[in-house]
Amino acid sequence: MPDEQQPPNAQSTIAAWRAIDAAANRAAEGLRVVEDFVRFGLDDRHLTTLVKNMRHDLASALQQFSSETLHSARDTQADVGVTLSTNGEQSRTNLTQIATSNLKRAQQSLRTLEEFSKLVHPAVSAYFEQLRYRSYTLEKGLTTTQANSERLAGARLYVLIDGCQNAEKFSQIVAELIAGGVDIVQLRDKSLDDRTLLERARQLREITAATSTFAIVNDRCDIAALADADGVHVGQEELSVKEARAILGVGKLIGVSTHSIDQARRAVLDGADYIGVGPTFPSQTKSFDQFPGLDLVRQVAGEIRLPAFAIGGITLENIGQVVEAGLSRVAVSGAIAGANDPREAAEAMRQSLRGAN
Ligand SMILES: Cc1ncc(COP(=O)(O)OP(=O)(O)O)c(N)n1
Ligand SMILES: Cc1nc(C(=O)O)sc1CCOP(=O)(O)O
Ligand SMILES: [Mg+2]
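Residues numbered from 1 in each chain as written. Chains lettered and ligands numbered in written order. Predicted model: local features only at pLDDT ≥ 70, side-chain atom pairs only at ≥ 80, totals over all residues. Heavy atoms only, no water.

A. View of the pairing of strand β5 (residues 253–258). In terms of burial, β5 is largely enclosed, as six of its six residues are buried. Taking every second residue as pointing to the same face, both faces of β5 are buried, with Leu-253, Gly-255 and Ser-257 on one and Ile-254, Val-256 and Thr-258 on the other. Direction of pairing for strand β4 (residues 231–234) relative to β5: parallel, over a ladder of four bridges. For Gly-231, the partnering residue across the bridge sits in β5 and is Leu-253. Regarding topology, helix α11 (residues 261–270) serves as the crossover connection from β5 to the parallel strand β6 (residues 274–277), and that connection is right-handed. (Buried < 20%, exposed > 50% of the residue type's maximum accessible area, 1.4 Å probe, protein only. Helix = DSSP H or I, 4+ residues; strand = E, 2+ residues; numbered from the N terminus. Pairing = 2+ DSSP bridges. Right-handed = clockwise from strand over helix to strand, strands pointing away.)

B. Quick peek at the packing of aromatic side chains. Per the stated rule, a full pass over the model turns up seven aromatic pairs. Measuring from centroid to centroid gives 5.9 Å for Tyr-133 and Tyr-136, while their planes differ by 65°, and the two rings are edge-to-face. In this pair, Tyr-133 and Tyr-136 are both assigned in helix α6 (residues 125–151), three residues apart and thus about one turn of the helix distant. These aromatic residues form a ring-pair network of at least three members: Trp-17, Phe-65 and Phe-128. Over the face of the ring belonging to Tyr-133 we find Arg-132, whose NZ or CZ atom lies 5.1 Å from the ring centre. (Phe/Tyr/Trp six-rings, centres within 6.5 Å; stacked < 30°, edge-to-face > 60°. Lys NZ or Arg CZ within 6 Å of the ring centre and 35° of its normal.)

C. Here's a closer look at the domain arrangement of the protein chain. Under the domain assignment, the protein chain is made up of domain 1 (10–149) and domain 2 (153–356). Each of domain 1 and domain 2 has a C-alpha centre, and the two are 39 Å apart. Every contact between the two is made by 14 residues of domain 1 and, on the other side, 15 residues of domain 2. When domain 1 packs against domain 2, the two sides together hide about 1,300 Å² of surface, and 55% of this comes from carbon and sulfur. Summed over the three residues of domain 1 that lose the most area to domain 2, namely His-46, Asn-148 and Ser-149, the buried surface amounts to 42% of that side. For the interface between domain 1 and domain 2, the tally reads seven residue pairs in polar contact (both at pLDDT 80 or more). Listing elements by their share of the side of domain 1 that touches domain 2, those giving two or more residues are α2 (45–62) and α6. (Domains from an automatic or database assignment. Contact = heavy atoms within 4.5 Å. Buried area = accessible area lost by both parts, 1.4 Å probe. Polar contact = N/O pair within 3.5 Å; in protein donor to acceptor, adjacent residues only side chain to side chain.)

Right, here's the structure in full:
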């Protein structure tokens, strides 16, 4: 016969309340440090809003506990943990370390809240569990934003090209784009057969290998993996970031097309390495029914710090409007790949992005 559940004795109850009291403070403090990092360190309004919401939701959950009970259980002077600290707690060498260690501290404290509240207030335990899962998603968005702001810091000009009529012409344009200061080249060809597409992707890889230009393959994770490209670009109806990552592995760039602010916010939390934002203007390369246009550029620039490339119909004539709307990274096809002199066209666009924030 199963043992009947005994209610916790007074000593266990006091221990649980003490643990809850300490964890509540640690979780709130940890989240506040993380919030200050995304606010002042990353300047990221989207992540700041998410952390602030988490902090408020934590505070509401904690209101389920009587503060009188928590305070009467508190006994800081007799707390054997107060004077214990590790070397790791004292040394912080950069902002990211401060953010990640405080996020970990908040996660551990949420786990403590979840476990000990099962003893004294089971109804609220699942809520702490949910908050802990939210913190993992936040961690992903925060770390990919931070890492890619650094990795793609200098990447301003991104050019999309097709596979050209033959391998020689393809090599030539890639070399011209690199010479013109293009930071990322994407192979985007919807009509080549798979073997030729793979050949071109391998060419792109080989030509860019000794340069600082990134090689990206559009749509096709399989081709990107086989060619050992730097990454892949996927649209809203294609493989997800998680699926692309499963094929390409960590360390490869995964870009996602976004056409609304919600899609941009989602891409950050999904762990995209950068986003395309568009269509900004009518395009000769691809037709669209709707144009989120410069309004979306403004929205993304106002709240997201993951590298974001405005795309769609961008030319030397209108690039200034994109910069004015707040994005200093653009992805371009026709105005560069279709120009008489792609190198010159790239140089001119690179020049108009110089000095933009
Ligand atoms: C940098 C960049 N941004 C957006 C796109 C468009 O991707 P998608 O929406 O999947 O459309 P197709 O390019 O596949 O037609 C892109 N390729 N690159
Ligand atoms: C392929 C593509 N995707 C877009 C998007 O908004 O997602 S705009 C676009 C076309 C980009 O070429 P061009 O610079 O010639 O307009
Ligand atoms: Mg696509």
